[in-house]
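Residue-level listing of the chains:
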Amino acid sequence: MLVYRVQGYPVPIPAQAPPPQEGPEYEARLEEFEARIARGEKIEPTDWMPEEYRRQLVRMISQHAHSEVVGMLPEGRWIPHAPTLRRKLILIAKVQDEGGHGQLLYRAAETLGPTREEMIEALLAGKAKYSVVFNYPTPTWADVAAIGLLIDGAAVVNQLMLAQGSYGPYARAMKRICYEESFHIKQGYDAFVALATGTPAQRQMMQEAVNRWWYPALMLFGPPDRDSVHTPTLLRWRIKTKTNDQLRQEFVDQYAPMVLRLGLTIPDPNLRYDPETGHWRFSEPDWDEFWRVIRGDGPCNAERMAARRRAHEEGRWVREALAAKAARQADGGGNGRYAVAGL
Amino acid sequence: MGDTQWPVYEVFLQEKRGEPHVHVGAVHAPDPEMALILAKEQFVRRGRCVSLWVVPAEAIYASRAEEAEELFASALEKDYREPRGFRVTERVRRWMERHGESLPDV
Amino acid sequence: MGNPSRMSEPLREALGSLLLAMADDEVLLGHRDAEWVGHAPILEADIAMASIAQDEIGHAILWYSLLHELGWPDPDRMAYFRDPPEFRNATLVELPRGDWAFTVVRQFLFDYAEKVRLEALMASAYRPLAEAAAKVRREETYHLMHSRAWVVRLGDATEESHRRMQAALDLAWPHALGLFEPAPGEDLRVAEGIQPPEAELRARWEAEVRPILEAASLVVPEAEPIDGGRKGQHTEHLAALLADFQLVARSGVGETW
């Protein structure tokens, strides 16, 4: 029996020529692959998959991982200033979860080939994308509440869909992430309500933050379906199960009432409930701005990347030191403080 | 490049004593002890755990997916290996019905 | 001894000054540790450090709550509405975050100090304190494992890691000795069986940390303790820390958050 190494790209031992990506054999495999997806089965790392499936997943999962890690920054900067000990604990735990989610996602992407190191290098070199929303600033404490409600709310709508996706490791990571995100929304809503029902100054602070974060939240779902080049392929292979516009609509339906209920407004003159369809109508975000920010020209792109690079550079000696120490001790077998698992 | 994200350790978690260890994910760590220390906060921030295992990912080998259907299929009837393959209770009942009056009262 | 209302005023004060020192130490260290969130050397370390920060702040809330039972203001009031001279933390915890080496060394010295303190307080005559100490001591097990693992690795891993760790120890050590500066009222606390003398705790602490530091190829500096924290004398860093910490709470924008 041939065996696969589990880590990273499944390398057959002994090495084989890469499977063909065209011709009758490819067609047969593709048919089997698509039939499996149509039956609702998950694809696992050692399965045959079209290179395009692999490429799309690596693109999506690594972007998702980068978004979690860069997403730690705009909220994380408020940890030192959190106004009560409880809010401080909650915010540390929440930003910590985002790091945890990034960790899970990088690992899910690693099962498709690239190493975490390669993905991080790509991010720091400015070659990888992450969600545009994290390039917007958080000038007040209320922005933490607005992110907790609107951005996490949007993220959950998106991630519940992704948890249904066809790639096993990604769907499994999403399941756990969605479970933790339910805490994020709760805390976001709680912080939002505290300000929205607070003093006039607190309400105003909250209103201004909602004004800042409404359109970025809509952008989180990506470009409109008419401009989304990847969507048909992603749907066919159940990498996604809903389109960007469908998800955006779900989000507005769920979250617009939560904001309006407390007498705050949403910065969209066209926003209204349509009783005939049962959906809210709303204006699209400024897509020119969206593409500008994606290309790196947002209010905080440079700042976010500088922070990530600094952390990476300042941590390099630590990573190198422990790697060196472990290499020296490899023969000695650790220091004996951990037990060997007994079956 | 002179940099590294450290090797990968797969993490297995036992929720309760008596339950099996279940694969929950992986951590990047320089050595087994650090892997355990770091896995604890990545995988037991919430929820229960009574025991963690970490295993170098490169020590894990897997069967090939393409062979799975044939490898794990059971073409011929092998119900003699399953408990449902036996009809012994029925035979005991029939025998007892036929010999009822001469059997001890147990 | 478990009922504050039956306690003499001097004893209540003495007990309070110990709890205040412990709470202020933890809340500020938790704040400093949390400054790493999103900036640590590797994701897994970021996550672990965030947990440690939460634990320290959680402990602070516990000590502030015991203090509240003795008649002091509530935990948020204590953390957010006092000025530097009113804080009774050792200066160790107010020093800036520094590099990962300083963070690891400070955490290591503090975790072991907390260990010996908690183990002593588990036998405290003040029952609520003894019970809380037993609870916190369990959580401390992970901290000890974590900070010890970092120290023994970084101490002699590479030339650079050794240099940074030694510099961190040289800076942190005299401030760490300040953890054992007795808070006012020590004689009374010792006489009433609330705690053993700080000098005794320090001796136990040194017996624990010195061998580990030596095993990590680090040299403990000859230095006098930097005291004063327990009397409200602080470095310039505390004011900057509190300006960050209390920024929103003191903004006057609202009462509840």
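Definitions and cut-offs
Along every chain, residues carry numbers that run from 1 in the direction the sequence is written. Each chain is given a letter, starting from A, and each ligand a number, starting from 1, according to the order in which they appear as written. A pLDDT threshold of at least 70 governs which residues receive local features in this predicted model, and a stricter bar of 80 or more applies before side-chain atom pairs are shown or counted, although totals over entire chains, interfaces and linings include all residues. Helical segments are the DSSP runs of H or I of at least four residues, strand segments are the runs of E of at least two, and each set is numbered from the N terminus. Radius of gyration: over C-alpha atoms. The globule rule applied is 2.2 Å multiplied by the number of residues raised to the 0.38 power. Put plainly, a residue is buried at 20 or more neighbouring C-beta atoms within 10 Å of its own, exposed at 12 or fewer, and partly exposed in between, counting only other residues' C-beta atoms, which are placed from the backbone. By the convention adopted here, residues make contact when the C-beta atoms placed from their backbones lie within 7 Å. Note on residue classes: Ala, Val, Leu, Ile, Met, Phe, Trp, Tyr, Cys and Pro are nonpolar, Asp, Glu, Lys and Arg are charged, and everything else, Gly too, is polar. Confidence of the predictor in every single residue is expressed as pLDDT, which spans 0 to 100. When DSSP finds at least two bridges between two strands, those strands are taken to pair. Axis definition: a line fitted to C-alpha atoms, over the contacting stretch in the case of helices. Angles run 0 to 180 degrees between N-to-C directions. We call two directions roughly parallel when the angle between them is under 35 degrees, roughly antiparallel when it is over 145, roughly perpendicular when it lies between 65 and 115, and oblique otherwise. Here a crossing is called left-handed whenever its near helix is offset anticlockwise from the far helix by less than a right angle, and right-handed whenever the offset is clockwise. A set of buried residues drawn from Ala, Val, Leu, Ile, Met, Phe, Trp, Tyr and Cys, joined through C-beta atoms within 7 Å, is what defines a nonpolar core. Residue count minus one, scaled by 1.5 Å, sets the expected span of a helix. Throughout, the bend at a residue refers to the angle made by two axes, fitted to the seven residues ending there and to the seven starting there.

Looking now at the overall build of chain B. Within chain B, the regular secondary structure consists of 3 helices and 4 strands. Counting from the amino terminus, helix and strand elements in chain B follow one another as β-β-α-β-β-α-α. Compactness check: chain B gives a C-alpha radius of gyration of 26 Å against a globular reference of 13 Å for 106 residues, more than 25% above the reference. The principal-axis extents of the C-alpha atoms in chain B amount to approximately 85 × 35 × 20 Å. Burial analysis of chain B (106 residues in total) assigns 29% to the buried set. Looking at chain B alone, contacts between residues at least 24 apart form 43% of all its contacts between residues at least 6 apart.

Right, let's talk about the overall build of chain C for a bit. Helix and strand counts for chain C stand at 9 helices and 0 strands. Taken from the N to the C terminus, the helices and strands of chain C come in the order α-α-α-α-α-α-α-α-α. The C-alpha radius of gyration of chain C comes to 18 Å, within 12% of the 18 Å expected for a compact globule of 257 residues. Dimensions of chain C, computed from the C-alpha atoms along their principal axes, are close to 60 × 45 × 30 Å. Across the 257 residues in chain C, those meeting the buried criterion constitute 52%. Here the analysis covers contacts within chain C between residues at least 6 apart in sequence; of these, 80% occur between residues at least 24 apart.

Turning our eyes to something else, we now look at the interface of chain A and chain C. Taken residue by residue, the interface counts 38 residues in chain A and 40 residues in chain C. Mapped onto the side of chain A that touches chain C, the elements with two or more residues apiece are helix H3 (72-76), helix H4 (85-110), helix H8 (200-219) and helix H12 (301-329) of chain A. Top contributing element to the side of chain A that touches chain C by residue count: H4(A), with 12 residues. Taken together, the residues that form the side of chain A that touches chain C break down as 20 nonpolar, 12 polar and 6 charged.

Okay, the confidence of the model for chain C next. Of the residues in chain C, 100% have a pLDDT of 70 or more, and the chain-wide mean is 97. Per the prediction output, this complex has pTM 0.93; the corresponding ipTM is 0.98.

What follows concerns the pairing of strand S1 (residues 8-14) of chain B. All names here are of chain B. Of all 7 residues making up S1, 5 are buried, and the element is well covered by its neighbours. Relative to strand S2 (residues 22-28), S1 is paired through 6 bridges, and the arrangement is antiparallel. The partner of Tyr9 across the bridge, within S2, is Val27. Bridge count between S1 and strand S3 (residues 51-56): 6 bridges; the pairing is antiparallel. Paired with Gln14 across the strands is Ser51, a residue of S3.

On to the packing of helix H1 (residues 9-34) of chain C against helix H2 (residues 43-69) of chain C. Residues and elements named next belong to chain C. Two elements in contact, H1 and H2, have axes whose closest approach is 8 Å; the angle formed by their N-to-C orientations is 155 degrees. With respect to each other, H1 and H2 are oriented roughly antiparallel. Judged by the sense of rotation from one axis to the other, the crossing of H1 with H2 is left-handed. On H2, the residues that touch Gly16, Leu19, Leu20, Met22, Ala23, Glu26, Val27, Leu29, Gly30, Asp33 and Ala34 of H1 are Met49, Ala50, Ile52, Ala53, Glu56, Ile57, His59, Ala60, Trp63, Tyr64, Leu66 and Leu67. For the contact of H1 with H2, the residue count by class is 17 nonpolar, 3 polar and 3 charged.

If you look at the biggest cluster of nonpolar residues, it comprises 193 residues, and the most contacted ones within it are Ile92(A), Ala145(A), Leu150(A), Val11(B), Ala23(C) and Val105(C). Sorting elements by how many residues they give to this core places H2(C) first, with 15 residues.

With that out of the way, let us pick up H1(C). Between the first and last C-alpha of H1(C) there are 37 Å, a value that for 26 residues agrees with the 38 Å anticipated at 1.5 Å per step. For H1(C), the buried fraction is high: 22 of the 26 residues fall into the buried class.

What follows is about the environment of Thr140(A). All names here are of chain A. Structurally, the position occupied by Thr140 is in the loop between helix H5 (116-124) and helix H6 (141-162). With 20 C-beta atoms counted inside 10 Å, the residue Thr140 sits in the buried group. In this structure, the C-alpha to C-alpha distance between Thr140 and Met205, residues 65 residues apart in sequence, is 7.5 Å.

What follows deals with H6(A). Residue and element names in this part refer to chain A. For H6, with 22 residues, the first-to-last C-alpha span of 30 Å sits near the 32 Å given by 1.5 Å per residue. Maximum bend of H6: about 35 degrees, positioned at Ile147. Along H6, 18 of the 22 residues are buried, which leaves the element largely enclosed by surrounding structure.

All names here are of chain B. By the secondary structure assignment, Ala68 is in helix H2 (residues 65-71). Here Ala68 falls in the partly exposed class, since 13 other C-beta atoms lie within 10 Å of it. Each C-alpha atom, one on Ala68 and one on Trp53, is 27 Å from the other, the two residues being 15 residues apart in sequence.

So, about unusual backbone geometry. Located in the positive-phi region is Trp6(B), a residue other than glycine, with phi close to 70 degrees. Mapped onto the fold, Trp6(B) is located in the segment before S1. In this model, Ser217(C) sits at a positive phi of 65 degrees, which is unusual for a non-glycine residue. Mapped onto the elements of the fold, Ser217(C) is located in the loop between helix H8 (198-215) and helix H9 (237-245).

Here we come to the sheet that holds S3(B). All names here are of chain B. Pairing in this open sheet of 3 strands is antiparallel, and the strands run S2-S1-S3 from one edge to the other. At either end of the open sheet lies a strand with only one pairing partner, and these are S2 and S3. Across the sheet, the axes of successive neighbouring strands diverge by a mean angle of 30 degrees, strand direction being ignored.

Before going further, it helps to examine the packing of helix H4 (residues 100-121) of chain C against helix H5 (residues 127-154) of chain C. Residues and elements named next belong to chain C. Taken N-terminus to C-terminus, the directions of H4 and H5 make an angle of 150 degrees; their axes are 8 Å apart at the nearest point. For the element pair H4 / H5, the angle class is roughly antiparallel. For the pair H4 and H5, the sense of crossing is left-handed. Within the contact of H4 with H5, the residues separate by chemical class into 15 nonpolar, 3 polar and 7 charged.

Glancing now at the environment of Pro83(A). Topologically, Pro83(A) is positioned in the loop between H3 and H4. On the basis of neighbour count, Pro83(A) is assigned to the buried category, with 25 C-beta atoms found within 10 Å. Each C-alpha atom of the pair Pro83(A) and Gly188(A) lies 15 Å from the other, and the pair is 105 residues apart in sequence. Contacts of Pro83(A), omitting those with residues within four sequence positions, involve Trp141(A), Val248(C), Ala249(C) and Trp257(C).

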